Protein chains: 2
Amino acid sequence: MLGLDPDPRELWVRDEQPFTAGTPVERAAQAVCDHCRAVIEATAPACVAVKLQLARFELLGTAGWQALVTVAAEARAHGLLVIADGKRGDIDVTAQAYASALTGGADTPFGALPGLGADLVTVNPLMGRDAITPFLAAARAGGGGVLLLVRTSNPGAADVQDLMLEEGVSVWERLAVLVDELGSDGVGESGLSDVGAVIGATAPSHLARARELMARAPFLLPGVGAQGGRVEELRAAFEPGRAGGLVSASRSIVNAYAGAGGDPPGAARAEAERLRAAAWSLSERVVPVR
Amino acid sequence: MLGLDPDPRELWVRDEQPFTAGTPVERAAQAVCDHCRAVIEATAPACVAVKLQLARFELLGTAGWQALVTVAAEARAHGLLVIADGKRGDIDVTAQAYASALTGGADTPFGALPGLGADLVTVNPLMGRDAITPFLAAARAGGGGVLLLVRTSNPGAADVQDLMLEEGVSVWERLAVLVDELGSDGVGESGLSDVGAVIGATAPSHLARARELMARAPFLLPGVGAQGGRVEELRAAFEPGRAGGLVSASRSIVNAYAGAGGDPPGAARAEAERLRAAAWSLSERVVPVR
């Protein structure tokens, strides 16, 4: 899966076009859109989804939302699912506003406000069930789902998520139980539920336990590549089958040319294909345990 | 403190202007800006800060960021601090992008991208220290600070934040310790640090303990009014003085006219003044314990 996390300082197009017209925001947004389009075109055949890092678009200010819409449309045109990675989470009415923005929009006295139409949205569960369910309801209405942060890929994940609870499990294990509970009535024909979990690929030792606690949840696995995670260590994610794990790589795909040589699109495609083959190879060797 | 959480279905201006021109997004954004301007004008003399709920602006899509910039500028023109309430939180490079967007902007090969220039930003600490420090660094560079979620105002807060840890304290108490640690080198002449805490006014029983754990942290206290919190029960927040507590009310100020009668601006001003008087009265009766 392709993660699009377009840093304005690291775009493919930076040296190829002069970008002399417009404000810095307009020029940066145009470059980000051109970059994302090129990366999608190069890698789409080897991907099933695009994860859009909302922070990079928020930094584009007044041009950010339009860029996000443009890139999401480009992804859809290539047959890819769109994951809005914003890690939002807030009280009920606020969660509803975020959910409307990122998925199906909202009806207002001024007319219908369109949403981004994302298939999946990442959600931060620290505020509990009532901060999550508006996202789940909105995503389900459009046939999509949510991905809750459970055990993230960054070093600081240990600060809070790894704390041990009185009941004998860690905070992240308790979050995993919440994922399983919320998804229990959203299990589709594939056997996977519409409530998934974000589990950093940088801590593969947690994966078997995570799968034990969340047998039916799709796992979004960020952190492969630039953050140090290796796809070969993610076998437990694929126990429910190929669709059980979404291996997300951003910088390692986009910047593959820096290490592997070659032109950026070719190197990106090769790296995306390598990751896909590694993931599928894992899923084929797995004997489902339940 | 005024919370601006503009629901397009509950704007002061909805019945006063025809909004016939433009797309639904443009009309909604114009109405939100007009509404927010009117609320700020009515209540600014009784407030020190405006908390902008980013979700409501995100729902405005392509017109959202400009509306946010417009409303923030209006607040500043009235001498108010601007709090960007987005509850963001992500890995290091992503947190940096969000922080740049919400505070001082970023230099890029395309020129300087302006930030929102918020004085304070709310941050979700579930991902740990390295997801927080980029926000703190960016806010400090502009003379501002961060407000970490510690014990939120919604019922679901109990699901995760109230879980008891093996070490004998709850998750939220552990987050409070993190607030105190991160703020230890950011204590200003006022005696308050630049790392504050979001503590829901709906659970005042937690406040004394929160103040015990975070002696120098400013507390943002949402949940007064529509969510059921009462300012009279928040005394412990004000132990460090008047500035120790930021009592945030959104719907109860903006919709005061529905209960109290009168014109919306007059009723909002009266409610904002009532809340300020109640908060200051509390702070004057407090004898600081340290």
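A. A look at the relation of the copies chain A and chain B. Its rotation angle being 180 degrees, the transformation that places chain A on chain B also includes 0.0 Å of axial translation and leaves an RMSD of 0.0 Å. The symmetry that links the two subunits is that of a two-fold axis. Looking at the interface residues of chain A, 100% of them are also at the interface in chain B, so both copies use one shared face.

B. Examining the interface of chain A and chain B more closely. If you look at the interface, chain A gives 71 residues, while chain B gives 71 residues. Together, the buried faces of chain A and chain B total about 6000 Å²; carbon and sulfur atoms form 64% of this surface. Counting every contact that joins chain A to chain B gives six salt bridges. The tally of links between chain A and chain B comes to 23 residue pairs in polar contact (both at pLDDT 80 or more).

C. Molecular detail of the environment of A:Ala256. Residue and element names in this part refer to chain A. Considering the arrangement of structural elements, one finds Ala256 in helix 10 (residues 256–260). Judged by relative accessible area, Ala256 falls into the buried class, the value being 11%. Every residue in contact with Ala256, bar those within four places of it in the chain, is listed here: Arg251, Gly261, Ala267, Ala268 and Glu271.

D. Representation of the sheet that holds strand 6 (residues 120–123) of chain B within the structure. All names here are of chain B. If you walk across this open sheet you meet the eight strands as 1-2-3-6-7-8-9-10, and the pairing is parallel. Across the chains shown, the open sheet's two edge strands, defined by having one partner strand only, are strand 1 (2–4) and strand 10 (245–247). Neighbour-to-neighbour, the strand axes of this sheet turn through a mean angle of 25 degrees, independent of strand direction. One ladder, built from four bridges, connects strand 6 with strand 7 (residues 145–151); its direction is parallel. Paired with Leu120 across the two strands is Gly145, which belongs to strand 7. Contacting strand 1, strand 2 (49–53) and strand 3 (81–88), helix 3 (residues 64–77) runs over the sheet at an angle of about 170 degrees to strand 2.

E. Spotlight on the state of the cysteines. Under the definition given, this model contains zero disulfides over all chains. Distance from the sulfur of A:Cys33, which forms no disulfide, to the nearest cysteine sulfur (A:Cys36) is 6.8 Å. When its relative accessible area of 10% is taken as the criterion, A:Cys33 is described as buried. We note that B:Cys47 lacks a disulfide partner, and the nearest cysteine sulfur, in B:Cys36, lies 13 Å from it. Classification of B:Cys47 by relative accessible area gives buried; the value is 10%.

F. Examining helix 3 of chain B more closely. Residues and elements named next belong to chain B. With 14 residues, helix 3 extends 20 Å from end C-alpha to end C-alpha; this agrees with the ideal 20 Å at 1.5 Å per step. Buried within helix 3 are the following residues: Gly64, Trp65, Ala67, Leu68, Val71, Ala72, Glu74 and Ala75. The positive-phi residue at the C-terminal boundary of helix 3 is Gly79, with phi of around 80 degrees.

Conventions used here
- Residues numbered from 1 in each chain as written.
- Chains lettered and ligands numbered in written order.
- Predicted model: local features only at pLDDT ≥ 70, side-chain atom pairs only at ≥ 80, totals over all residues.
- Heavy atoms only, no water.
- Least-squares fit on C-alpha atoms with pLDDT ≥ 70 in both.
- Contact = heavy atoms within 4.5 Å.
- Buried area = accessible area lost by both parts, 1.4 Å probe.
- Salt bridge = Lys/Arg side-chain N within 4 Å of Asp/Glu carboxyl O.
- Polar contact = N/O pair within 3.5 Å; in protein donor to acceptor, adjacent residues only side chain to side chain.
- Helix = DSSP H or I, 4+ residues; strand = E, 2+ residues; numbered from the N terminus.
- Buried < 20%, exposed > 50% of the residue type's maximum accessible area, 1.4 Å probe, protein only.
- Pairing = 2+ DSSP bridges.
- Axes fitted to C-alpha atoms, helices over the stretch in contact; angles between N-to-C directions.
- Disulfide = S-S within 2.5 Å.
- Expected span 1.5 Å × (residues − 1).

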